[in-house]
Amino acid sequence: MGFLDRDHSIAPPGFNRWLVPPAALAVHLCIGQAYATSVYKTALVKHFGASLTEIGVIFSIAIVMLGLSAAIMGTWVDTNGPRKAMFTSAMFWVGGFLIGSLGIFTHQLWLVYLGYGFVGGIGLGIGYISPVSTLIKWFPDRPGLATGMAIMGFGGGALIASPVSQALLKAYDPNSGAQGWVASGDAVGKLFLTLAVVYLAYMLFGAFTVRVPADGWRPAGFDPSKVKAAKLVTTENVSARNAIKTRQFWLVWVALFCNVTAGIGILEQAAPMIQDFFRQSDGKSLVSAGVAAGFVGLLSIGNMAGRFAWSATSDVTGRKRIYMMYLGVGTVLYTVLAFAGSTATALYVVLAFVIISFYGGGFATVPAYLRDLFGTYQVGAIHGRLLTAWSAAGVAGPLIVNSILDAQGKPGQLTGASYQPALLTMVALLIIGFVANLLVKPVDDRFHEPRPERRTSSMEA
Amino acid sequence: MSSTAHTPDAHQPVKRSTGRLVLGWVLVGIPLAYGVFQTLTQVAALFG
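Since this is a predicted model, take the numbers as computed values, not measurements.

Trainee: Explanation requested: the overall build of chain B in the structure shown.
Mentor: The number of helices and strands found in chain B is one helix and zero strands. Residues counted as buried form 29% of the 48 residues belonging to chain B. Summed over all atoms, the accessible surface of chain B reaches about 3200 Å², with 66% contributed by carbon and sulfur.

Trainee: Please explain the overall build of chain A as it appears in this structure.
Mentor: Counting secondary structure elements, chain A contains 17 helices and zero strands. The C-alpha atoms of chain A give 23 Å as radius of gyration, which agrees with the globular expectation for 461 residues (23 Å, within 12%). For the C-alpha atoms alone, the extent of chain A along its principal axes is close to 80 × 50 × 35 Å. Counting the 461 residues in chain A, one finds 58% classified as buried. Restricting the contact set of chain A to residue pairs at least 6 apart, pairs at least 24 apart contribute 84%. As displayed, chain A offers around 17500 Å² of accessible surface, 64% of which is attributable to carbon and sulfur atoms. Chain A carries 32 positive and 21 negative side-chain charges, and their two centres are separated by 3 Å.

Trainee: Help me understand the interface of chain A and chain B in this model?
Mentor: Interface size is commonly expressed as the accessible area that is lost once the parts come together. Taken together, the contact between chain A and chain B spans 41 residues of the former and 31 residues of the latter. When the two sides are added together, the surface that chain A and chain B hide from each other amounts to roughly 3300 Å², 72% of it contributed by carbon and sulfur. Applying the counting criterion to the chain A and chain B interface returns zero salt bridges. Taken together, the links from chain A to chain B amount to two residue pairs in polar contact (both at pLDDT 80 or more). Broken down by secondary-structure element, the contributors of at least two residues to the side of chain A that touches chain B are helix H1 (20–31), helix H6 (143–172), helix H7 (185–209) and helix H11 (289–317) of chain A. Ranked by the residues each element gives to the side of chain A that touches chain B, the list is headed by H11(A), at nine residues.

Trainee: Explanation requested: the pattern of salt bridges in the structure shown.
Mentor: If the charged atoms of two oppositely charged side chains come close together, the side chains can form a pair. Residue and element names in this part refer to chain A. Taken as a whole and assessed by the stated rule, the structure comprises nine salt bridges over all chains. Among the ionic pairs, Arg-17 bridges to Asp-141, the shortest N-O distance being 3.0 Å. Placement of Arg-17 in the segment before H1 and of Asp-141 in the loop between helix H5 (132–138) and H6 is noted, with a sequence separation of 124 residues between them. Among the ionic pairs, Asp-444 bridges to Arg-446, the shortest N-O distance being 3.5 Å. Accessibility expressed as a relative area gives 66% for Arg-446, which makes it exposed.

Trainee: How should I be thinking about a nonpolar patch on the surface in this particular structure?
Mentor: All names here are of chain A. On the surface, a nonpolar cluster with roughly 320 Å² of combined accessible area is contributed by Met-1, Phe-3 and Phe-208. Within the secondary structure layout, Met-1 lies in the segment before H1. Classification of Met-1 as exposed rests on a relative accessible area of 62%.

Trainee: Sorry, what's going on with helix H14 (residues 379–386) of chain A here?
Mentor: In an α-helix there are 3.6 residues to a turn, and that puts residues three or four apart on one side. The buried count for H14(A) comes to seven of eight residues, which makes it a mostly enclosed element. Buried within H14(A) are the following residues: A:Val379, A:Gly380, A:Ala381, A:Ile382, A:His383, A:Gly384 and A:Leu386.

Trainee: Explain helix H13 (residues 345–374) of chain A here, please?
Mentor: All names here are of chain A. Between its first and last C-alpha atoms H13 spans 43 Å; for 30 residues at 1.5 Å apiece the expected length is 44 Å, and the two agree. The largest bend in H13 amounts to roughly 35° and is located at Thr-365, with the proline Pro-367 lying one to four residues further along. Just beyond H13, the residue with positive phi is Gly-375, at close to 80°.

Trainee: Where do I start with the nonpolar core in this structure?
Mentor: In a soluble, globular protein the nonpolar side chains are often hidden away together inside. All names here are of chain A. Counting 140 residues, the largest nonpolar core has Trp-93, Tyr-116, Tyr-128, Tyr-199, Phe-295, Tyr-334 and Phe-374 as the members making the most contacts within it. Here the element with the most residues in this core is helix H10 (residues 247–277); it accounts for 16 residues. Taken domain by domain, this core gets at least three of its residues from each of domain 1 (2–213) and domain 2 (227–447). What Phe-374 contacts, discounting residues up to four positions off in sequence, is Thr-234, Glu-236, Asn-237, Val-238, Ala-243, Thr-246, Gln-248, Phe-249, Ile-382 and Val-443.

Trainee: How should the environment of A:Gly263 be read in this particular structure?
Mentor: Residue and element names in this part refer to chain A. Within the fold, Gly-263 resides in helix H10. The spacing of Gly-263 and Phe-92 is 171 residues in sequence and 28 Å in space, taken between C-alpha atoms. Excluding residues that lie within four positions of it along the chain, Gly-263 makes contacts with Tyr-334, Ile-356 and Tyr-359.

Trainee: It is not clear to me how the packing of aromatic side chains should be interpreted in this structure. Could you clarify?
Mentor: Two aromatic rings, taken as a pair, are described by how far apart their centres are and by the angle between their planes. Residue and element names in this part refer to chain A. Summed over the entire model, instances satisfying the criterion amount to 28 aromatic pairs over all chains. Aromatic pair Trp-250 and Trp-253: ring centres 6.0 Å apart, planes at 50°, arrangement tilted. Here Trp-250 pairs with Trp-253, and both are found in helix H10, just three residues apart, close to one helical turn. The class of Trp-253 is buried, set by a relative accessible area of 17%. With 5.5 Å between their ring centres and 40° between their planes, Tyr-323 and Tyr-369 make a pair best called tilted.

Trainee: Would you mind showing me how to read the domain arrangement of chain A here?
Mentor: All names here are of chain A. Taken as a whole, chain A is organised into domain 1 (2–213) and domain 2 (227–447). One C-alpha centre belongs to domain 1, the other to domain 2; they are set 23 Å apart. Taken together, the contact pairs 30 residues of domain 1 with 29 residues of domain 2. Approximately 2600 Å² of surface area, both sides summed, lies buried where domain 1 meets domain 2, with 70% of it carried by carbon and sulfur atoms. Per-residue buried area on domain 1 facing domain 2 is highest for Ile-136, Met-152 and Leu-159; these three make up 18% of the total on that side. Taken together, the connections running from domain 1 to domain 2 amount to zero salt bridges. The interface formed by domain 1 and domain 2 holds nine residue pairs in polar contact (both at pLDDT 80 or more) in total. A total of twelve residues in the side of domain 1 that touches domain 2 trace back to one element, the largest contributor, which is H6.

Trainee: Sorry, what's going on with the side chain of A:Gln269 here?
Mentor: Summarising the element assignment, A:Gln269 is placed in helix H10. Residue classification places A:Gln269 among the buried residues on the basis of a relative accessible area of 12%.

Trainee: For this particular structure, what's the right way to read unusual backbone geometry?
Mentor: If a residue is not glycine, its phi is most likely negative; likewise, a peptide bond is most likely trans. Of note in this structure, A:His107 is not a glycine but carries a positive phi near 60°. Structurally, the position occupied by A:His107 is in the loop between helix H3 (52–105) and helix H4 (109–129).

Parameters at a glance
- Residues numbered from 1 in each chain as written.
- Chains lettered and ligands numbered in written order.
- Predicted model: local features only at pLDDT ≥ 70, side-chain atom pairs only at ≥ 80, totals over all residues.
- Heavy atoms only, no water.
- Helix = DSSP H or I, 4+ residues; strand = E, 2+ residues; numbered from the N terminus.
- Buried < 20%, exposed > 50% of the residue type's maximum accessible area, 1.4 Å probe, protein only.
- Areas by Shrake-Rupley, 256 points an atom, 1.4 Å probe, with all protein chains shown as cover.
- Rg over C-alpha atoms; globule rule 2.2 N^0.38 Å.
- Contact = heavy atoms within 4.5 Å.
- Lys, Arg positive; Asp, Glu negative; His and termini not counted.
- Charge placed at Lys NZ, Arg CZ, Asp CG, Glu CD.
- Buried area = accessible area lost by both parts, 1.4 Å probe.
- Salt bridge = Lys/Arg side-chain N within 4 Å of Asp/Glu carboxyl O.
- Polar contact = N/O pair within 3.5 Å; in protein donor to acceptor, adjacent residues only side chain to side chain.
- Patch = residues over 30% accessible without salt bridge, like charges linked within 9 Å, V, L, I, M, F, W, Y side chains within 5 Å.
- Expected span 1.5 Å × (residues − 1).
- Bend = angle between axes of the 7 residues up to and from the residue.
- Core = buried A, V, L, I, M, F, W, Y, C linked by side-chain atoms within 4.5 Å.
- Domains from an automatic or database assignment.
- Phe/Tyr/Trp six-rings, centres within 6.5 Å; stacked < 30°, edge-to-face > 60°.

Structure follows, in structure tokens:
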């Protein structure tokens, strides 16, 4: 398996760096399927005779494993390079689908937990971070654009997987024409097998296309001294072990956690929330279920577009400033949503779209932010550790919103006013995140890795 | 700015890999465009 080693994936002279983003996208588009599990959720509930919560645990295990594996395997990914990491991610992700399908065919829910949740979740974590540090090294002049392109794929993966899965479930289930049809377990099992084959092909394409730049490579015309002109952008390097000892790491962790928690709160409730905001006095909503589904689709596009657009913009504005926008402007937008969101559908839709674009932008900008603060040396590993903020927010966001809404009334009876306490809680969180981001300063010299020339000069002295 | 590899000590002639580049972007671009199109079709209900 030596062909997977980092040394075998060093780019030859003349290699076009624009081949690296599609390689990264190939992996992220596949693992982004994790956000399309709602397509077969009801089918699995029926097949296993389980509750929604029991089936929801599959996704929860996968997201927890994403955070844990990214944090634990980050240094391994940086050391072994993107090819081995993408290959390993493919084996875990595809293995998860295969084990999961076995669980569905044999009516063993625990096998689906083990397969899609545990094994697949490891593939998610390794796959998510695998191309990040490589892209940053290929695009030192535009790191935000590069990581935005890849991480946009994670948002885009669900957009592809949802309609494809629906079409495949219909094709695999002979009863798909029946009224009130719910896909059979057999159809979901076959869907898993099909996705496994397609994702294996795509992820291996990514693994064998990706290359790392040779030592000392830089883009033609790129002047590193201009990058240094920005106060927060370092030319030094900090190891992952040292990075977590710095105040900066934890301040960015808090900023990301607050941004993600606020965004997840809206994303998770998107469809019922828009209906509740426009509920009339007779209890009926002006927004139909079909329109609400369209709104969820629009948010998915906002999430994906924000990842690319805002992250690319951060190359011009700087990472700290754009995070100030996500958190500062986000605070204002959430407040307007809380007090005026129910006055007009168009206003509500625009506010939610921009808020979710900030949510996506936060994810995509953070690798470049870490590069600015800690250098490129172990940025993948540092990014992996930071993603624990995502796991924590994935628990905190829905918990905050659901517990507050439970206290406000029953689903179907809630109105726009019922959401005010939850939205104002998010406003408070965003203010905390804004302050944390404001406190980010350059990393102290004592955390920097020694430079070879410094070592040499000290030995000569 | 050029998008091709360049080492400080060795100026290599630019290797044309347009075919691979187009193939790579098409492989990821077509599914992504399909997904966005399908979603926009759903979004149309919002403005209908």
